[in-house]
Each structure stands twice: as structure tokens, then as C-alpha cells.
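These are the residues of each chain, in order.
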Amino acid sequence: MQSACAPDGAWKRPIRSRDKIHFDGTHNQWRTPPIPCPADDGRSYGAQVLFGGPVLADHRLDRLLSENGLSEEQGSPPDSSEGARHRPIRSFVLRQGRVSNAQLRYYEGMMAGIGVPYVAAPHDLDTVFGRRAPKILEIGFGMGETTALVATANPQNDYLGIEVHTPGVGSLCKLVAESRLANVRIVQHDAVDVLREMIQPETLSGVHIFFPDPWPKARHHKRRLIQPPLVALLASRLQPGGYIHCATDWENYAEQMLAVLSAEPLLKNTADAFSPRPDYRPLTKFEQRGLRLGHGVWDVIFRHRQALLQAEDDRQD
Ligand SMILES: C[S@@+](CC[C@H](N)C(=O)[O-])C[C@H]1O[C@@H](n2cnc3c(N)ncnc32)[C@H](O)[C@@H]1O
């Protein structure tokens with residue numbers, strides 16, 4: 001099936017009942033087709049996000065990948081250059097997961113509106129969301145169930161979700177469309193680059209990192225997301241008073257989180273050690289099952305120290 005932009009940039013695929021609506025991120029409202037195409041080169045949105053370069057037009061991402069000799073694990077053609085040998089250690093490995101028809105349909109219908117393309121330049125998040133509101137960033141939202149629940153329960157906040165895995169991005173697009181959420185945006189890219197290049201210092205009210213990949217083998221611990229350099233970067237992006245909330249069901253990783261966040265001079269623990277789960281973090285089915293089986297879950301919540309010190313000063317005055 002063909003899906004392409006008309007010369008004037010309008011979406012020219014025949015309209016089907018199942019993709020009647022989409023979210024217009026520029027004007028912060030839901031609309032009916034025609035929707036604007038992200039670029040005028042005739043490729044599907046997924047192809048443009050994933051490949052940038054060659055002209056491809058097909059709806060099946062896995063077919064796109066295999067036809068071009070790529071797997072999601074590679075993400076790009078083989079590269080034997082000096083730069084490739086010094087590639088940074090990533091906290092994820094892209095698997096060639098199957099993208100369901102529904103995920104792909106919502107991905108392509110929604111990302112033009114709620115997707116924020118990765119561009120290595122500082123972004124004004126109020127402009128991205130079309131309003132002034134507290135901004136919460138989530139790293140690695142997985143299939144997005146928690147993101148959608150938290151965003152639904154807190155319409156006063158804006159949520160910027162970052163995830164690399166296409167089925168998860170498609171899944172969150174679907175949840176956002178079904179609940180008509182206006183306060184969610186998605187960047188599909190490595191969160192480390194996004195934080196460093198796109199997020200400006202002292203702009204975030206909060207950061208959520210729920211159940212990051214535990215990388216249980218000792219030789220893989222270097223891939224864990226919660227490491228001193230990333231935590232320092234996160235702390236620099238928090239507004240005074242902003243918080244970082246991590247949760248894990250892996251005890252050894254929980255201890256690492258506590259140690260690394262405690263060592264960051266800009267942050268202060270909100271509890272003596274681990275925190276009770278705050279009401280805003282919903283229990284996932286996976287977590288409920290784990291708890292029934294007697295497994296532990298640990299929440300770690302730190303705040304930007306400046307605001308806490310100010311509050312202490314105010315109490316003493
Ligand atoms: C174990 S899953 C947890 C998903 C979700 N937070 C939950 O609670 O179910 C971790 C997710 O983080 C994503 N991830 C890991 N490192 C990432 C990075 N550097 N940037 C963006 N996403 C990342 C992975 O693709 C994966 O979907």
C-alpha cells in the first residue's frame with residue numbers, strides 16, 4: 001500500500017475509519033485528516049525516523065529493515081570506521097522486535113504530531129508542548145503503560161517520553177490516541193544524547209526512570225543507565241526543587257542507584273535510604289505479580305539540593 005505526501009504536504013492515503021483522528025502537536029489539539037507529512041519525500045514516517053537517508057516507502061518496518069540489509073539491532077549499515085570502533089557504550093540493544101499492525105498504524109499516524117525528531121540543538125520545551133507547565137522527562141518508557149496512566153492522572157504536567165524501541169513507541173502512540181492525551185511527546189532516540197543536546201539546563205521538574213534494564217551480569221554493569229556521568233547530566237537539567245525518581249526490582253541495581261545518586265553533589269535524598277512508592281507511580285501488572293511472588297521493588301527519589309537547602313533556611317528564619 002502506498003502512503004505518501006501530496007505535493008502540498010497533505011497526507012494523501014485514503015482515509016480509513018480507524019485513523020480518523022490525530023494529535024496536532026503544533027496547535028496542541030486533536031484533529032481529523034488530512035495530516036501534515038513530516039517531510040515531503042514520500043517515505044513513511046517510520047522510515048524517515050529510522051533511516052534519514054535512503055528513499056523507502058513501505059508500512060512494514062521489519063520488511064524495510066531486511067530489504068536494506070539492516071536489523072534493528074544494527075540500526076544502520078555496517079560501519080568499520082575509526083568512529084564506529086569508539087562508539088560509546090549504550091544502555092540498550094535494539095532488538096528486531098515485531099511491530100504489530102496497530103502499533104505501526106498509530107506510530108505513523110501520531111508521530112507527526114507528538115513525535116519530537118532528534119536534533120542536536122537545545123529545544124524550548126514550552127514551545128514543544130505549546131504551553132507553560134511543569135515538564136517531566138521519562139527515560140525508557142517501554143510499552144508506555146505507566147507513562148499514559150501518569151499523564152492521564154496529571155493533566156497539569158507535560159511528559160516527554162524517550163524510548164528507542166519502535167514497538168514501544170507505537171504502543172504509547174496508541175495509548176495517547178485512545179485517551180486523547182495532549183500532554184505527552186515522544187523522542188525516539190538514545191536518552192543520553194537527548195539530555196545532552198536537546199534539554200536545556202534547569203528546565204525539568206522531574207525525571208522518571210522506572211525499571212531500567214538491570215544488565216544483571218557483572219561484565220554488563222557498564223551498560224547500566226544509572227552511572228555517575230548520566231546522573232550529573234540529569235541533575236544539571238533539573239530545576240531547583242526538581243526530582244529524579246528511579247525504581248527497580250533488582251536489589252543490586254537498587255543499591256547502585258542509591259550510591260550513585262547519593263554521591264552527586266547537586267542531589268539530596270528525600271528519604272533516609274529507599275522511599276515508599278509514591279501514589280503517582282502506578283503498580284504495573286508485572287510488578288504486582290513480582291510482589292505476590294515475594295520479590296522486592298525499590299524506589300529511590302532525590303531532589304535538587306538547592307531547593308531543599310533553601311527550604312531549610314526558610315524554616316530556620
Ligand atoms: C526494562 S524496560 C522498562 C520499561 C518501562 N519503564 C517499564 O517500567 O515497564 C527499559 C526500557 O528502556 C529503554 N532504554 C534503555 N536505554 C535507553 C536509552 N539510553 N534511551 C532510551 N531508551 C532506553 C529500553 O529500550 C527499554 O524499553
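Residues numbered from 1 in each chain as written. Predicted model: local features only at pLDDT ≥ 70, side-chain atom pairs only at ≥ 80, totals over all residues.

K.L.:
Got a sec to walk through the overall build of the protein chain? Specific residues and values, please.
P.N.:
Regarding its fold elements, the protein chain presents 12 helices and nine strands. Counting across all 317 residues of the protein chain, residues that qualify as buried make up 36%. In the protein chain, of all internal contacts separated by at least 6 residues, the share reaching a separation of at least 24 is 76%. (Helix = DSSP H or I, 4+ residues; strand = E, 2+ residues; numbered from the N terminus. Buried ≥ 20, exposed ≤ 12 C-beta atoms within 10 Å, placed from the backbone. Contact = placed C-beta atoms within 7 Å.)

K.L.:
Explain unusual backbone geometry residue by residue, including any values.
P.N.:
Here R180, not a glycine, exhibits a phi torsion of approximately 50°, which is positive. Topologically, R180 is positioned in the loop between α7 (166-178) and β5 (184-187). Of note, W215 is a non-glycine position whose phi angle comes to about 40°, a positive value.

K.L.:
Give me the nonpolar core: which residues, what numbers.
P.N.:
Ranked by size, the top nonpolar core spans 58 residues in total, and within it M110, L137, C173, V176, I244, M257 and L261 carry the most contacts. Ranked by the residues each element gives to this core, the list is headed by helix α4 (residues 101-114), at seven residues. The contact partners of L261, leaving out residues within four places of it in the chain, are V231, I244, L267, V300 and F302. (Core = buried A, V, L, I, M, F, W, Y, C linked by C-beta atoms within 7 Å.)

K.L.:
Give me the lowdown on the site of the ligand, citing residues and values where you can.
P.N.:
Taken together, the neighbourhood of the ligand is formed by 21 residues, with F92, G140, G142, A191 and F211 sitting nearest. A class-by-class count of the residues in the shell around the ligand yields 11 nonpolar, seven polar and three charged. (Near = placed C-beta within 6 Å. Nonpolar A, V, L, I, M, F, W, Y, C, P; charged D, E, K, R; others polar.)

K.L.:
Account for the confidence of the model for the protein chain, with residues named and values stated.
P.N.:
For the protein chain, the mean per-residue pLDDT works out to 81, and 71% of the residues sit at or above 70. In this model, residues 50-79 is a region of pLDDT below 50 whose contacts with residues beyond four sequence positions or in other chains number 47 contacts. (pLDDT = per-residue confidence, 0-100.)

K.L.:
Describe in detail helix α9 (residues 228-237), supporting the description with residues and values.
P.N.:
For α9, the complete set of buried residues consists of V231, L234, A235 and R237. Around the axis of α9, the buried residues are gathered within 160° of arc, so they sit on the same side. In α9, the exposed positions angled more than 90 degrees off the buried face are occupied by P228 and P229. Buried residues along α9 sit in contact with α8 (191-198), β6 (204-210), β7 (238-248), α10 (251-262), β8 (267-269) and β9 (298-304). (Arc of directions from axis to C-beta.)

K.L.:
Describe the sheet that holds β9, naming the residues involved and giving the relevant values.
P.N.:
In spatial order, the strands read β5-β4-β3-β6-β7-β9-β8; together these seven strands make up an open sheet with mixed pairing. Of all strands in the sheet, those with a lone pairing partner are β5 and β8, marking the two edges. Pairwise comparison of adjacent strand axes, ignoring direction, gives a mean angle of 20° for this sheet. Across three bridges, the pairing between β8 and β9 is antiparallel. Counted as the bridge partner of N269 is F302 from β9. With respect to the sheet, helix α6 (residues 145-153) is in contact with β3 (135-139), β4 (158-162), β5 and β6, its orientation differing from that of β4 by roughly 170°. (Pairing = 2+ DSSP bridges. Axes fitted to C-alpha atoms, helices over the stretch in contact; angles between N-to-C directions.)

K.L.:
Quick rundown of the environment of P155? Include the residues and the values.
P.N.:
Within the secondary structure, P155 is located in the loop between α6 and β4. P155 sits in the exposed class, given 11 other C-beta atoms within 10 Å.

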